[in-house]
Structure formats: C-alpha cells, structure tokens
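# Commentary on secondary and tertiary structure
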Amino acid sequence: MFSTRRQFLKSATSAAALGASGSLATTVGARAEDTITAVDWGGNYANEIKKLAAKQSDIKVNWQLHAGGAMAILPKIKAKWPNPGIDLLTGWDPSWQMIAREGWAEPVTTERVPNLADIPHKLLVKDGSGNVINIPRTISAMVWFYREDIAPFPITTLDDLLDPRLKGKICFPVPSLGSNLQMLSLALHKGGDERTMEPAWEFMKKLARSGNIGRIANADTDITTSITSGETCLSIQGASAPIERARNFKIRILSKMDKESGFRTFIYHEGWCVLKGGHTDAAFKFANFAIAPETNAEFNRAISGVPVNIKSKVSDEIKPITFNNEEMERFAYIPDWAFLSTQTDAWMKRWEQEIAPLL
Amino acid sequence: MLKTEEAAVVQVEHGINANLALRLALRKRTADAVLRIGVIAVVTITSVFLLFPVIVTVFMAFDARDYIGAFPPTSFSTQWFVQLAGSDFLWSAFKTSLLLATATTIASTTIGACAALAISWMTPKWSDLVTTAFLSPLVLPGVIIGFGLLMFLSVHDGLPVFAKLFAGHLIIALPFAVRLTLVGLAGISETLREAALSLGANEIQAFFTITLPLAKNGIAAGAVFGFATSMDDVTVSLFLSDFNTFTLPVALTSLIRSSFDLTIAAAAVALMSVTLLLLIVLDRVLGLERAIGRKT
Amino acid sequence: MSAARSKVLLLLPAVAVFALLLVAPILMVLDESFRAFEPGRIGSVQGASLTLANYAELLLPAYVQYFAQTYFLAFCASVVAVFIAFPISYCIARTESPSTRKASLSAIVGLMFLSALVRVYALELTFGSAGVLSPVMSFMNINPNGRQYINFVIVAGLLHYAIPMSILILFGAIQNLDPRLIEAAQSLGASALSSHITVTLPLCTRGIFSAFVVSMTLGVSAFIIPWILGRGRVLFISNLIYTRFSEVADYPSGAAISIVMMVLSLLMIFSMSRLATSFERT
C-alpha cells in the first residue's frame, strides 16, 4: 500500500515539478531494503490485512492479490524461479503440498518467527527435508449452506439435493475448486472416502442428470454471486463468505449436522509461506507480527475466521465453525491433503468427460 | 368496326402494360417499405440489446449494496466511486494500461500498416498465405500466447515487465492493424495508383498522394482496435504481469476473482466516460469523420 | 527502389515481431505438449519423457464434443453478427445527417471500451435465471435453466462483442463504395433489396468475410463469456485450456489442446480467405 501510494505521489509530483526527484531517490533507496511483496486474497482479506499492516512501521508491504484460486499463481512462480518476486504468499492446505514438492519455501523456525510457539503444531506442514514451510494465520472450514428465504423446503440431508423441487437451485463447485471437498462429502455419505470416490461419481451423475444444478462454480466469487443474486440457493464454500452473507440474507450453515445427513464440515487452515530468494527476514518479521495474539484475533474477527494463535480471543459470529473436541469428532473431517492435491488433474478430466456433458 | 376493335386491343394492351408497370412499381415500393421497416427493426432491437447492459452497469456502479443482488438496486450510493478514487492499486494499474495501450497502438499501427501495404502488392495466392499467418494471433486463445511468451521471455530474465507486456500486447494488436489496413486498401482502385504512376509520379509520391489518404480509414480503425484490445486484454496480461507492473484489467480480474466487488462497475463507467471524452477531443481536434470514416 | 525490395523492407518488422514473439513461444508450447505429466507437480518435470498421450486423450467423444460445441456456437454468433451488422453499418455510412453518424460511431467505439468483465456480468444480470428478463422468460414458457437457453445466452454474449466489431469493419468497406452504383441500379427499376444483393454485397465481399472471420475467431477463443454466462455447464475450449494451465497445472495436456485448436483455426481462416478471394474474382 505504501509503495504504491508513493508511486502515485511520485508521478503526481514529477508532473508538477522536476525538483521533487532528489528527495524521491532516497525513498526509493529505502524501499529496496525493507519492502516486501505479499500476495493475499482480495476483498475482505486484503482490506483487513492492510489495516493490520498500517499498525506497524518496520516493514513496508507491496500488496498484491491472487488472480484466481491458490493454485493459479504457482505456474507464474515456476516461470520466474529462482527470482519469484514474491516474498510472502498466502495459501492453504493443498497449496502447501504443491509448494513442498517443488521445494520453494524458506524453512520456518521459531528463531525467525517466535510467535510460532503459540500455534498448534498440528497445523505445520513439512517439506521433503523436514523443514516447516508454512506460517498459519486462520483456521476455517468448508461448509454446506443454503438460503432459507428462497429454498423451497428445509434441506436436511445430502439426498435432498436430488429432490425435484430444487430444480436449478444448486451451485456446485468444479473439482479443482476447494480441492473437491464437495465430492468428498458425497463419497463419505455413500460409504467411500478420498481414495474410494466411485460412490461419489455415481451420486454426481444422478445429480447432474436431475437438472438441479443451476451453476457450476469455477471460482469462489461464482458461488457468492450466484447465491446473493438468488440464482441458486445451496452450495459449499469456505465459511468466511457465508458467515458474512448471513448479515444480509437468511442463511443456514449446515456445519453441525449429524453424519447421517451427509453434510460434513472440512476443517482447513490458511496462512503464509515465505519464498526463497527474496527479502526473507523482512517477510518473517511481518508474518510474526501478524500472528501475535492481539493482531491475529483482530484479523480473524474481521474475516470471520478462527485465530490460530491459542492466546487469541474468538468472536461470537464464527460459532458455526468453532468446535469442541466432541463436536470435532462428530461433525468435522480432515482429509488427506497430500493425496487430494495429486488427484485434481485426474478428477478434473473425469469431470469433463463424464459429468459436464450431463449438465 | 375493325379500327375500333384494333383501337380497343391497343387500349387493352396499353392498359395491361400500364398495369404491369404500376404493379411492378408498387411491388418495388412495398418491397422497399418492407426492407426499410425490417432495417429499422434490426437497428432498434440491436441498439436496445447493445445498450441495455451499459444501463445495467451504470445502475450496478451506483448500487448501495455490497454484494450482487437482484436487479434493480434497492438503494443508491457513490461508495464504489469513492473506493475507485482511493484505490492506489487501481490507479497505478490504470496508468500502466494507458501507457501500454498507447505504446502498443503506435507500434502495431506502424508495423501493421507497412506489412499490409506489402501484402496488397502481392499476388492473391501469396497474400492469402501471409494474411493468414499474420491473423493467427487472433485465433490463438490468449492463454497460449501468454503462457508461451512467459516461458520464452523468462529466459531473458533482465527484461523489464513493461517490455514483456508490450511484447504480448503488440502481438495481439498487430492482426487488427494488418487486417483493417488491408480492408481499407481493398476499396482503393488499382487504376488510381496506376494513373498517378503513368502521369509521372514515382512509387513514393503515388503512395503519399493516393494510397495513404485513401487507406487512412483502415489504418485509423486498426489503431482504434489495437488500443481497445490492449486496454481490454485480460488473459495475455494475466500471465505477463508481475506484482509491481500490472494492467487495469488484471487488477480488476484480481478483484473479481477474489471477491466480487462493484468497484469494477464504477471503473467501467469511469472508463466509458474517459472514452467519450477522448472521442469528443478527437472530434474537436481532428474531426471524428476524418479519423474513423472517410471525408476527404 | 525496386518493388520487390520495398516489399521485403515493409514486411520485415512484422515478420521479425512474429518470429520472435509468436513462433518461438509456440514452439515451446509444442514441445511441452509432447511431455509426460506427473500428477501433483507443476507442469512437466525437467527432462520428462516424450509421449503422445496428451493428444490421444482428445479423441475421446467428450472432448470432440467440446470442440464441436465451441465452433458451432461461434459460427452461429458470427453469422448473426454479420447479418445484423451489415444493414446497421450501411445506415450509418449512408445517413444524411453527420451528427447521427458521429453519435452512432461514438457509441460503437464506446461499446468496445466497455470492460469485458463488466459486460459479461451485466448480461448475466439481464439474461440470467434470476435476471431482469426472468419474468418475461417464465411468461414465454422458456426454461432459463435448460442447456439450450444457456447456449442462447452465450451466443448473445458473443454477439455483444461481434456486432460492434463487425459494424466498424464493414463501415470501412461500405464507405469506400460509390453510392452512385446503387442509385443507378435503382433507377433502372431494381428494388432496394435486389439492388443491394446484386451491387452492394458483392463489392463488400472482403469486408463481410473480414467481419465474419474476426467474429468467428474471437468467438472460438472466447474465454470470459462462456466462463461466466455458461454457468460452468457449457465449456469452451479456452476454458478447458485455462483449467489445465492454472487450476491443475497440467501444462502438457493444456498445450496439446492449444495446438489442436490452433491448427483447426488456422485451417479455418485460410480456407475463408481463399473463399473470399474466389468470390471477389467471379
């Protein structure tokens, strides 16, 4: 934010007078030392993290946004490797697996990120050489939800998705979105799991033939737009968006449903990794600041997520996605992310061949 | 008796002829009327079809809700314009886009017009082949061009991102310059140039006095298309931008992909206003007719 | 200066740009398309083995269908666009009042600057199943959720680009016509329609083919229109390629689809170009 504002001012002043260039040279010099480039999600996330960054003055951040899902940026990094031009990259469980395999992440240690000590170790991902690669900041959940104001009847089980009254009313994400947790729900409901997806494909074919799917979502915003415009009324998405929409619409989040209903909740975390070859010290310093108890609580309150720092306070609004141990056992499912991230290609091709023609 | 019969026959024949001519004229008039009504209908329906989304966009830009709700909006505000004006991210993208589009237009128009001229002098067999080759970037999805260029240019690491973007935009704008200059040149009768040559003008004089003034529309249209293509391109730029240099559509795509934000509607309204302003300026300075249409 | 030499000199910059910025990158894509892909990696691994599997896969009926669908919808849109654009372009070129002409041209150029993303969302808000027109649809007993309707909306989306573009392309061609030719034909008794068919149209062949080819090629490589208006249910080839490149990082497969698409499209413009030339000569 600072660097772009400075660029903006720079052009404004240089248009007015040439004398300004002397003083600018110094700011440009300073920028090279402690300005990092960070890539974050847009909208809510971007606004809140910028607010957070404004509270410190050590590190200046050039904020950029993901132009697609978490995976879309990886090809760009690959093409520019070993000079990716990014210091701090946001991602989530499946993208850590990809980054670990490519060996792009600078090892994370408690010496460089002291606040990591207050973060549950279960959330840390390691690469082939045993180094931690991620700095978690938010725990969230992939949840099924529907708009009660336009749903034709109360939806209670996954089998309701085949009900003819829901004609055109379901927004279903493609397998490449959300690591196909949507079809994993179907598999779990019909007795399969991530390695036994056959039941899910069977169910999916029935669903596609039923005509109940009104839109296939390619991106997160497709889901949000489809639901808010009233095109469809039921979908599955990271909880932040439906919780925020619940302020304007009557939304029922199906996060605490019995196993028999089939509506499972998938817990994931998102956070940062620091890429090799850039301003790694400054990037670690900023990440450490952002996961401190206070800042982590504030950020997560704003984006409707659960703070990762065990010393942070949790807001009321996110009750649907906070679980105690017993609830965790009953409602939540934590998939094998490493396995999921290797299947996207095959699932996507199968989708194109078997499901898309039926829609 | 006989005479009157003859007269009657002549009269009848005359009547038939007159009737026929009248019927033909009538038929022509109805046919013309039907055509006119048909054309009016086509123009009206198309105008509504083309302009309706513009109106919807303007409404969206003033929508007070912070999500895409059902149309029409329930309340209005200028919040998206405030956000647009305050967004450093979009401003720096806009400046890059403008600079890039200008550079692209100048380069593609010059290079493309030269190439088109050379093609117009070729035999049809050759010109078909060469034209096809030059139009090929149009049929390639931006994804391939962007991805291929990214891989190719990453070999030359020192190249600034702006140069990479310029390369990508040049290749997608060039086909328009070539094709539209060719269309402009196709209408020029070869005899005019030959006449000028036979009157003692040399090739260069003939070019500047005959060919260029007549091909001007085509070249100008190519420039307009080139500028618009560069300003609007998403896919190629998406691959070639980096995190310090990026174009407006790339910035808007990030916004749209991350969380749909109506700032993009406000940006579109602003862009359209700028375009209108540009057109007015162009008209005052140059005369729109001369820039796009032909009025020599 | 000899004609041949000036020809070469004029062509040189364009040829250099193409060789460097198009041919070389495409060759890299071609190379990638023959590489084996290892799931879970990003692109082909250094020194991956050569394979034809990426191409063989495209012979599956499902993929043939994607190609057929893309070309068919783009074709429909292009034909309609030229049909509609021709009379409009003619009216603008021949209108008596210069201010009308100016206003129309400004509007059309202005339309071309309407951001693609915004345009598509606006069309979605208009034609979508929850759009402004949905009461009309239910009144006319049209199912806004059917595949045919989605195809129709995509064609409408393509037209929104193709019509203004075709109008501008045809405008140049029509402006270069001599209006006295039509007047002569009509004074000899031909109706407006037949005089246009026999006089105007043949003289605009180049322009008409140009408009058609440009609309067709833009339609075939359309990305955002089917992406949003297709509701993820109708996919174009570009959408498949994009998924390969950016969602699953399977470059080799994406590269193979790209190459096939490129070859098909080049064949198409080449034959259209030949057709236009032969029309012109007769």
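Per chain, residues are indexed from 1 in the order of the written sequence. All chains are assigned letters beginning at A, and all ligands numbers beginning at 1, according to the order in which they are written. Given that this is a predicted model, residues contribute local features only at a pLDDT of at least 70 and side-chain atom pairs are listed and counted only at 80 or more, while totals for whole chains, interfaces and linings are drawn from all residues.

Moving on to the overall build of chain C. Along its length, chain C carries 13 helices and zero strands. Put simply, DSSP H or I for four residues or longer makes a helix, DSSP E for two residues or longer makes a strand, and each gets a number counted from the N terminus. Ordered by position from the N terminus, the helices and strands of chain C form the series α-α-α-α-α-α-α-α-α-α-α-α-α. Along the first, second and third principal axes, the C-alpha atoms of chain C reach 70 × 70 × 30 Å. A residue pair is marked as a contact if its C-beta atoms, positioned from the backbone, fall within 7 Å. Taking the contacts inside chain C whose residues are at least 6 apart along the sequence as the reference set, 72% of them involve residues at least 24 apart.

Secondary structure assignment for chain B yields 12 helices and zero strands. In chain B, the order of α-helices and β-strands from amino to carboxyl end is α-α-α-α-α-α-α-α-α-α-α-α. Residues with at least 20 other C-beta atoms within 10 Å of their own are called buried, those with 12 or fewer are called exposed, and the rest are partly exposed. The C-beta atoms themselves are positioned from the backbone. For chain B, buried positions account for 47% of its 296 residues. The long-range share in chain B, meaning contacts at least 24 apart out of those at least 6 apart in sequence, stands at 73%.

Turning our eyes to something else, we now look at the interface of chain C and chain B. If you look at the interface, chain C gives 78 residues, while chain B gives 82 residues. If you tally residues by element for the side of chain C that touches chain B, the top one is helix 1 (residues 3–33) of chain C, at 14 residues. In terms of residue class, the side of chain C that touches chain B is built from 53 nonpolar, 19 polar and six charged. Residues are sorted three ways: Asp, Glu, Lys and Arg are charged, Ala, Val, Leu, Ile, Met, Phe, Trp, Tyr, Cys and Pro are nonpolar, and all the rest, Gly among them, are polar.

Helix axes are fitted only over the stretch in contact, all axes being lines through C-alpha atoms; the angle between N-to-C directions runs from 0 to 180 degrees. Orientation of helix 6 (residues 161–186) of chain B relative to helix 10 (residues 205–220) of chain C, taken along the N-to-C sense of each, is 165 degrees, at an axis distance of 9 Å. Classed by the angle they form, the pair helix 6 of chain B and helix 10 of chain C counts as roughly antiparallel. Here helix 6 of chain B and helix 10 of chain C pass one another in a crossing that is left-handed. Here B:Arg179, B:Val183 and B:Ala186 of helix 6 of chain B lie close against helix 10 of chain C, whose contacting residues are C:Arg206, C:Gly207 and C:Ser210. Its residues placed into classes, the contact of helix 6 of chain B with helix 10 of chain C shows two nonpolar, two polar and two charged. By the definition adopted for this analysis, an angle is roughly parallel if under 35 degrees, roughly antiparallel if over 145, roughly perpendicular if from 65 to 115, and oblique otherwise. Throughout, a crossing is termed right-handed when the near helix is turned clockwise from the far one, and left-handed when it is turned anticlockwise from it by less than a right angle.

Residues and elements named next belong to chain A. A large share of strand 6 (residues 213–217) lies buried, amounting to five of its five residues. Pairs of strands are assigned from DSSP output, requiring at least two bridges between the strands. The pairing of strand 5 (residues 170–173) with strand 6 spans four bridges and is parallel. In the strand pairing of strand 6, Pro-173 is matched with Ala-217.

With a phi angle near 50 degrees, A:Ser179 is a residue other than glycine that sits in the positive phi range. Among the secondary structure elements, A:Ser179 is positioned in the loop between strand 5 and helix 6 (181–189). Taking the number of C-beta atoms within 10 Å as the measure of exposure, A:Ser179 has 29 and is therefore buried. With a phi close to 50 degrees, C:Arg231 is a non-glycine residue in the positive phi region. Residue class for C:Arg231 comes out buried when judged on the 29 C-beta atoms lying within 10 Å of it.

Moving on to the interface of chain C and chain A. In this assembly, 25 residues from chain C lie in contact with 34 residues from chain A. When contributions to the side of chain C that touches chain A are tallied by element, the ones reaching two or more residues are helix 3 (61–94) and helix 12 (237–247) of chain C. By residue number, the principal contributor to the side of chain C that touches chain A is helix 12 of chain C, which donates five residues. Of the residues that constitute the side of chain C that touches chain A, the class distribution is 11 nonpolar, nine polar and five charged.

Quick look at the packing of helix 6 of chain B against helix 8 (residues 203–232) of chain B now. Residue and element names in this part refer to chain B. Relative to each other, helix 6 and helix 8 sit at 160 degrees, their axes nearing to 7 Å. By the angle class used here, helix 6 and helix 8 are roughly antiparallel. The crossing of helix 6 and helix 8 is right-handed. Of helix 8, the residues touching helix 6 (which contributes His-169, Ile-172, Ala-173, Phe-176, Ala-177, Leu-180, Thr-181, Val-183, Gly-184 and Leu-185) are Ala-215, Asn-217, Gly-218, Ile-219, Ala-221, Gly-222, Phe-225, Gly-226, Thr-229 and Ser-230. For the contact of helix 6 with helix 8, the residue count by class is 11 nonpolar, nine polar and no charged.

Glancing now at the UniProt feature "transmembrane region" (unreviewed entry) in chain C. Residue and element names in this part refer to chain C. Here the UniProt-annotated "transmembrane region" (unreviewed entry) positions come out as residues 71–93, 105–129, 149–171, 208–229 and 249–270. Taken end to end, residues 71–93 is 100% helix and 0% strand, and its two terminal C-alpha atoms sit 31 Å from one another. Secondary structure across residues 149–171 divides into 100% helix and 0% strand, with the first and last C-alpha atoms of the span separated by 32 Å. UniProt positions are given in the numbering used here, feature names are shortened, and annotations may be inferred rather than shown by experiment.

Residues and elements named next belong to chain A. A helix is expected to reach a length of 1.5 Å times the quantity of its residues less one. With 13 residues, helix 7 (residues 198–210) extends 19 Å from end C-alpha to end C-alpha; this agrees with the ideal 18 Å at 1.5 Å per step. Inspection of helix 7 places Ala-200, Phe-203, Met-204, Leu-207 and Ala-208 among the buried residues, and these make up the whole buried set. The buried residues of helix 7 occupy an angular sector of 140 degrees when projected down its axis, which confines them to one face. On the buried face of helix 7, the contacting elements are helix 6, strand 6 and helix 13 (337–355). By construction, the arc corresponds to the directions joining the helix axis to the C-beta atoms.

On to the pairing of strand 9 (residues 265–274) of chain A. Within a regular beta strand, the side chains point alternately toward one face of the sheet and then the other, so they alternate between its two faces. Residue and element names in this part refer to chain A. Buried residues dominate strand 9, accounting for nine of its 10 residues. Note: strand 3 (residues 88–92) against strand 9, five bridges, orientation antiparallel. Note on strand 9: the bridge partner recorded for Leu-88 is Val-274. Pairing of strand 4 (residues 135–147) with strand 9, which is carried by seven bridges, proceeds in the antiparallel orientation. Bridge pairing links Met-142 to Phe-266 in strand 9.

Our focus in this paragraph is the UniProt feature "transmembrane region" (unreviewed entry) in chain B. Residue and element names in this part refer to chain B. When the UniProt feature table is mapped onto this chain, "transmembrane region" (unreviewed entry) is found at residues 33–61, 98–122, 134–153, 165–186, 206–227 and 262–282. Summarising residues 33–61: 100% helix, 0% strand, and an end-to-end C-alpha distance of 42 Å. Helix makes up 100% of residues 206–227 and strand makes up 0%, while its end C-alpha atoms are separated by 29 Å.

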